[in-house]
Amino acid sequence: MELDELKLQWQELDRKLDRSLALNVRILTETRTRRSKLRLLPLLLLQPLQIAFGFALVIYFAHFWIANLDSLALAASGMALHALSVGLIVDAVVRILLIVRINYAAPVITIQRYLALLRRWEVRSFNWAWVACWLATPAMLLVGVKAVAGVDLWTVWPAAVIWTAIGGVVGAAASIAFGRWARRSRGRLGAAMDRFYVGHSIARAQASLDEIEEFAREQEEHRSSAPAT
C-alpha cells in the first residue's frame, strides 16, 4: 500500500512538473516574442524616412533629366538615378510589408520563417544597392558636375566619364566576387558579412526567438533526465 501511495505521489509530482515546464515555456515565449517585435520597431520606423528621401530624389532627378533632354548623356544619367530612387522607395515598402506581416501570435517556427524572409531581403537589397551604386558612378559624376558647375562633363572631358564608368564596372564585379567568396568560405568573414548585411535590429529579434528554442530544449533535457515513475 505504501508503494502504491508513493507511486501516486510521484505521478502527481510528474504532472505538476509538466505543467510548470509548460507554463515557463509559455511565459518565456510571450516575453521573447514581444521583445522580438520591439526590436524590429526601429527598423520599421526608419522606412518612412527612406520613402520620403526616395520621393525627394525621384522629384529632383525627374526635373533634372526633363530639363536636360538636349544632352543624351545628362538625360540618360538623370533617368538612371531616377530609376535608382524609385528602387529606394520599393525597397522600403517591401521591408515594411515583410515586417508588418509577421504574426507574433503564431508559433515560434512561423515567426522565424518570416524573419528568415526579412533577412534574405536585407542581404539581397544591400547587395543590389551596392552594385547599383558602383554602376551609377558615371551618372552621379555627370549630374553632380552639372548641378554644381553647370557644365556637361561629357562634352568637355569625356575621358573622365569613361574611366569613371570603367572603375564602376570593376568595383561592381569585385564586390560581387568578394561577396560570393566570403559566403562560400563559411568562416568568420562570411558570418561577419551576414551580420553587417542583416543589421542589428533583425539580429537581435532573431536572438530573442533563439532563446525560446534554447530554453525549451534545456527544459526537455531536464525533463528527460528526471527519474522515471
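Note that the structure is predicted; figures quoted are calculated from it, not measured.

Reading the values: the criteria
- Residues numbered from 1 in each chain as written.
- Predicted model: local features only at pLDDT ≥ 70, side-chain atom pairs only at ≥ 80, totals over all residues.
- Heavy atoms only, no water.
- Helix = DSSP H or I, 4+ residues; strand = E, 2+ residues; numbered from the N terminus.
- Contact = heavy atoms within 4.5 Å.
- Areas by Shrake-Rupley, 256 points an atom, 1.4 Å probe, with all protein chains shown as cover.
- Axes fitted to C-alpha atoms, helices over the stretch in contact; angles between N-to-C directions.
- Parallel < 35°, antiparallel > 145°, perpendicular 65-115°, else oblique.
- Left-handed = near helix turned anticlockwise from the far one by under 90°.
- Salt bridge = Lys/Arg side-chain N within 4 Å of Asp/Glu carboxyl O.
- Buried < 20%, exposed > 50% of the residue type's maximum accessible area, 1.4 Å probe, protein only.
- 1 Å grid on protein atoms, 1.4 Å probe; cavity = no way out; pocket = protein on both sides within 12 Å on 5 of 7 lines; lining within 4 Å.
- Points joined across faces, edges and corners; volume = space filled by probe spheres on them.
- Patch = residues over 30% accessible without salt bridge, like charges linked within 9 Å, V, L, I, M, F, W, Y side chains within 5 Å.
- Expected span 1.5 Å × (residues − 1).
- Phe/Tyr/Trp six-rings, centres within 6.5 Å; stacked < 30°, edge-to-face > 60°.

## Regarding the overall build of the chain
The helix and strand tally for the chain stands at eight helices and zero strands. Along the chain direction, N to C, the helices and strands of the chain fall in the order α-α-α-α-α-α-α-α. Across the chain, the fraction of contacts at a sequence separation of at least 24, relative to all contacts at a separation of at least 6, is 73%. Total accessible area on the chain is roughly 14500 Å²; 67% of this is exposed by carbon and sulfur atoms.

## Structural notes on the packing of helix H2 (residues 72-100) against helix H4 (residues 137-149)
With their axes 9 Å apart at the nearest point, H2 and H4 run at an angle of 115 degrees to one another. With respect to their mutual orientation, H2 and H4 come out roughly perpendicular. Crossing of H2 over H4 shows left-handed handedness. Facing Ala73, Leu74, Ser77, Gly78 and Leu81 of H2, the residues of H4 in contact are Ala139, Met140, Leu142, Val143 and Lys146.

## Here we look at the pattern of salt bridges
Counting across every chain of the model gives two salt bridges. Note that Arg95 is salt-bridged to Asp91, the shortest N-O span being 3.0 Å. Highlighted residues: Arg95 and Asp91, both in helix H2, separated by four residues, approximately one helical turn. Each member of the pair, Arg95 as well as Asp91, is classed as buried. For Arg95, the salt bridge is made with Glu122, and the minimal N-O distance between the two is 2.3 Å. Here Arg95 is found in helix H2, whereas its partner Glu122 is found in helix H3 (residues 108-135), with 27 residues between them in sequence. Each of the two residues, Arg95 as well as Glu122, counts as buried.

## Side note on the layout of surface pockets
For the largest pocket, the calculated volume is near 660 Å³. Lining the largest pocket are 24 residues, with Leu84, Leu88, Asp91, Ser125 and Ala129 sitting closest to its centre. Tallying contributions element by element places H2 first for the lining of the largest pocket, with nine residues.

## Some remarks on a nonpolar patch on the surface
Together, Trp154, Ile162, Trp163, Ile166 and Val170 make up a nonpolar patch on the protein surface, roughly 540 Å² of accessible area in all. With four residues, helix H6 (residues 158-185) is the single largest residue contributor to the nonpolar patch. Looking at where Val170 falls in the secondary structure, it is placed in helix H6.

## Considering H3
Here H3 contains 28 residues, and its C-alpha end-to-end distance of 41 Å stays within 8% of the 40 Å for a straight helix at 1.5 Å per residue. What H3 keeps buried is the set Val108, Ile111, Gln112, Leu115, Leu118, Trp121, Glu122, Val123, Ser125 and Val131.

## Some words on the packing of aromatic side chains
Enumeration over the complete set of coordinates arrives at four aromatic pairs. Note on Tyr60 and Phe61: the rings are 5.3 Å apart at their centroids and 75 degrees apart in plane angle, and the pair reads as edge-to-face. Relative accessible area serves as the criterion here: at 40%, Tyr60 is assigned to the partly exposed category. Considering the side-chain rings of Trp130 and Trp134, the 6.3 Å spacing of their centres and the 90 degrees angle between planes classify their relative orientation as edge-to-face.

## Brief notes about the packing of H3 against H4
Two packed helices can be described by the angle between their axes and the distance between those axes. Interhelical geometry of H3 versus H4 gives an angle of 55 degrees and a closest axis separation of 4 Å. One element, H3, and the other, H4, form an angle in the oblique class. Residue-level contacts link Cys133, Trp134 and Leu135 of H3 to Thr137, Pro138 and Met140 of H4.

## Thoughts on the environment of Ser201
Within the fold, Ser201 resides in helix H8 (residues 200-225). Spatially, the C-alpha atom of Ser201 lies 6.5 Å from that of Leu43, the residues being 158 residues apart in sequence. With near-sequence residues (within four places) excluded, Ser201 lies in contact with Arg39, Leu40, Pro42 and Leu43.

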